[in-house]
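Commentary on secondary and tertiary structure
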Amino acid sequence: MKPPVCRSVAFQNLFFFTVFSQGYQAFASYTRDLVVAPGHEKVLGYCSICQSTDYIFMNADALDQKGWDAVVTKMIKVYGAPVPDSDREMLIQYLTVHYSKTSRTVQK
Amino acid sequence: MRFSERAQVRFPSWIVLSFFFTSISAFAGGGVSKNFERDFIRRSDRPENYETPLEVFNQLYTPANRFFVRSHLPVIPEIDVREWKLELGGPGVEKPIILSMDELKTQFEQVEVPALALCAGNRRAQFDPRVPGVQWESGAMGNARWKGVRLGDILKRAGVKKEAVEISMNGADQPVLPGTPDFIKSIPLSKAMDESTLIAYELNGQPLPQSQGYPARVVVPGWVATYWMKQVVSLQVLTQPEEGYWMKKAYRLQKGLFPSLERAFESQNNEAQVPVAEIVVNSLVTNLKSGQKVQVDRPIEVQGVAWDGGHGIQKVEVSLDGVSTWASARMGQDVGRFSWRQFFYDFTPQKKELLSLMVRATNLKGDTQPSGTVHNASGYHNNATQSIDLIVN
């Protein structure tokens, strides 16, 4: 099925901007920002499809690398998160380095 | 991906996908009310998981706008009650029926049951070592008068075949991703036929708010709130146990941890695990917090609530001396076995010291609270005796 917006680039940019801005507004203003470090855009992009970043902050004290591996694997295998194999390790690494009980980066 | 190829702006497809899905769920989910930040303690805003501040529990009935909110999935539609239908079907039903709200309210006896809704993971944050999941403190529960129709009466109208074993329940909530299992729970036929199990449309005399499952939810008194399906739209009478993720994999416990609860849902037991079902005996002090300062020689009235899965509370005991001696608290009004029971205990601290106050409930079956948590990998059923440190000065 050919989407009608492909007719003109200008309309397509407008559609894109609308979708982008709505998506941005979906993040409540009190939800904390993730630490800016390699991997954070992918974590934000994939994980925010279904849930807010609250889950990451909330579970940091309960999880180490093994724990985050199990959580990320569950998100992919059970909940259907569209994460290709090539990104999976980076997500686990980012969460372990910045939000685990063994390693934490404090946001200023 | 076609959009980013033809647009002037270049975005990798995973960004496009993520914002597209996020925006869909923002539209459909209706966003988060600003009042939630004021009225609750947030655990997550999406899906909505908000718990009640402790002082609200000094009231026998929890007001609807302070009633804890738990969601499994982020897409919660707003339903027009005039278009809402409850479908009852499945292989175990004699004749499937579809009911509107008008039919529900006029064709069946209306009943009201006071009952405690309690999240299976309440007090999860208080396990040590910590357990991943929603980090509830003590506020993922609420007590209310629920009004509606007996699920059993609806089942009798439709007719239940003798091969029926369970009733599955599906609400209108939806996942964002196609691969996420829809939130479906089942209960045994015997629990569905219990006179207290309801399809409820009112909470404390008012229509359910959106946060509590408007226009109707299942109410399963004595059982944990995962079964209290919000925005219920479909019931299936099953001749085989429900096989979905939310029954077979989620909400399960190792056998042997809570033996007195293990016969509640036998069709869902397997060799190693049982489903969490019946609420375990528990108590909570509602007017004092650990670390609070109190005056020496000034009388204190300790207030709290005690509850279990519907057998009834036999006694609540208080200890002030590190569990050497226990004294019985005064019990409040008994409004029904599925409601929590208020308790009160008066004492006057005699010495300036750090005073450890402990509270323990026992039910009419003789079950009592353990001194420590029964640790489990999912963080369910935290019913350790509560201990509060008061600074007497």
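Residues numbered from 1 in each chain as written. Chains lettered and ligands numbered in written order. Predicted model: local features only at pLDDT ≥ 70, side-chain atom pairs only at ≥ 80, totals over all residues.

1. Some words on the overall build of chain B
Counting secondary structure elements, chain B contains seven helices and 24 strands. Taken over C-alpha atoms, the radius of gyration comes to 23 Å for chain B, in line with the 21 Å a tight globule of 393 residues would show. In terms of overall dimensions, chain B has C-alpha extents of about 75 × 60 × 45 Å along its principal axes. Across the 393 residues of chain B, 46% fall into the buried class. Here the analysis covers contacts within chain B between residues at least 6 apart in sequence; of these, 69% occur between residues at least 24 apart. (Helix = DSSP H or I, 4+ residues; strand = E, 2+ residues; numbered from the N terminus. Rg over C-alpha atoms; globule rule 2.2 N^0.38 Å. Buried ≥ 20, exposed ≤ 12 C-beta atoms within 10 Å, placed from the backbone. Contact = placed C-beta atoms within 7 Å.)

2. A short note on the nonpolar core
Soluble globular proteins: nonpolar side chains tend toward being buried together. Ranked by internal contacts, the top residues of the largest apolar core, which has 86 residues, are Cys119, Ile199, Val218, Val219 and Val224 of chain B. Both domains that furnish three or more residues to this core are identified here as domain 1 (64-275) and domain 2 (282-392) of chain B. Residues in contact with Ile199 of chain B, not counting those within four places in the same chain, are Leu86, Leu104, Gly148, Val149, Leu151, Ile154, Ala216, Val218 and Val232 of chain B. Core analysis: the second largest hydrophobic core is formed by 29 residues, Trp68, Val72, Val83 and Ile92 of chain A among them. (Core = buried A, V, L, I, M, F, W, Y, C linked by C-beta atoms within 7 Å. Domains from an automatic or database assignment.)

3. Points about unusual backbone geometry
Residues and elements named next belong to chain B. A cis amide bond, omega -10°, links Arg46 with the succeeding residue Pro47. Cis geometry is adopted by the peptide bond preceding Pro215, which originates at Tyr214 and carries an omega value of 5°. Unlike most non-glycine residues, Asn204 shows phi in positive territory, near 50°. Structurally, Asn204 can be placed in the loop between β10 (198-203) and β11 (206-207). In this structure Asn204 comes out as partly exposed when scored by C-beta crowding, with 18 C-beta atoms within 10 Å. One non-glycine residue, Gln231, lies in positive phi territory at about 50°. Within the secondary structure layout, Gln231 lies in the loop between β12 (217-219) and β13 (232-238). What makes Gln231 buried here is the crowd of 21 C-beta atoms within 10 Å.

4. Considerations on the domain arrangement of chain B
Residue and element names in this part refer to chain B. Once the domains are mapped, chain B shows domain 1 (64-275) and domain 2 (282-392). The straight-line distance from the C-alpha centre of domain 1 to that of domain 2 is 29 Å. The interface is formed by 23 residues belonging to domain 1 together with 21 residues belonging to domain 2. Of all elements in the fold, only β6 (110-118) and β14 (252-254) reach the threshold of two or more residues within the side of domain 1 that touches domain 2. Tallying contributions element by element places β6 first for the side of domain 1 that touches domain 2, with four residues.

5. Points about the confidence of the model for chain B
Residues and elements named next belong to chain B. Per-residue pLDDT for chain B has a mean of 93; in total, 91% of the residues score no lower than 70. Confidence drops under a pLDDT of 50 for residues 1-9, and excluding neighbours within four residues, the segment shows 21 contacts in the predicted structure. Predicted confidence is poor over residues 25-32, with pLDDT under 50, and the contacts of this stretch with residues over four places away or in other chains come to 17 contacts. Reported confidence for the predicted complex is 0.86 by ipTM and 0.88 by pTM. (pLDDT = per-residue confidence, 0-100.)

6. Remarks on helix α5 (residues 85-98) of chain A
An α-helical turn contains 3.6 residues, so a residue and the one three or four places further along point in the same direction. Residues and elements named next belong to chain A. With 14 residues, α5 should cover 20 Å at 1.5 Å per step; its first-to-last C-alpha distance of 21 Å lies within 8% of that length. Those residues of α5 lying buried are Leu91, Ile92, Tyr94, Leu95, Thr96 and His98. Next to the buried residues of α5 lie α2 (40-47), α3 (54-59) and α4 (65-77). (Expected span 1.5 Å × (residues − 1).)

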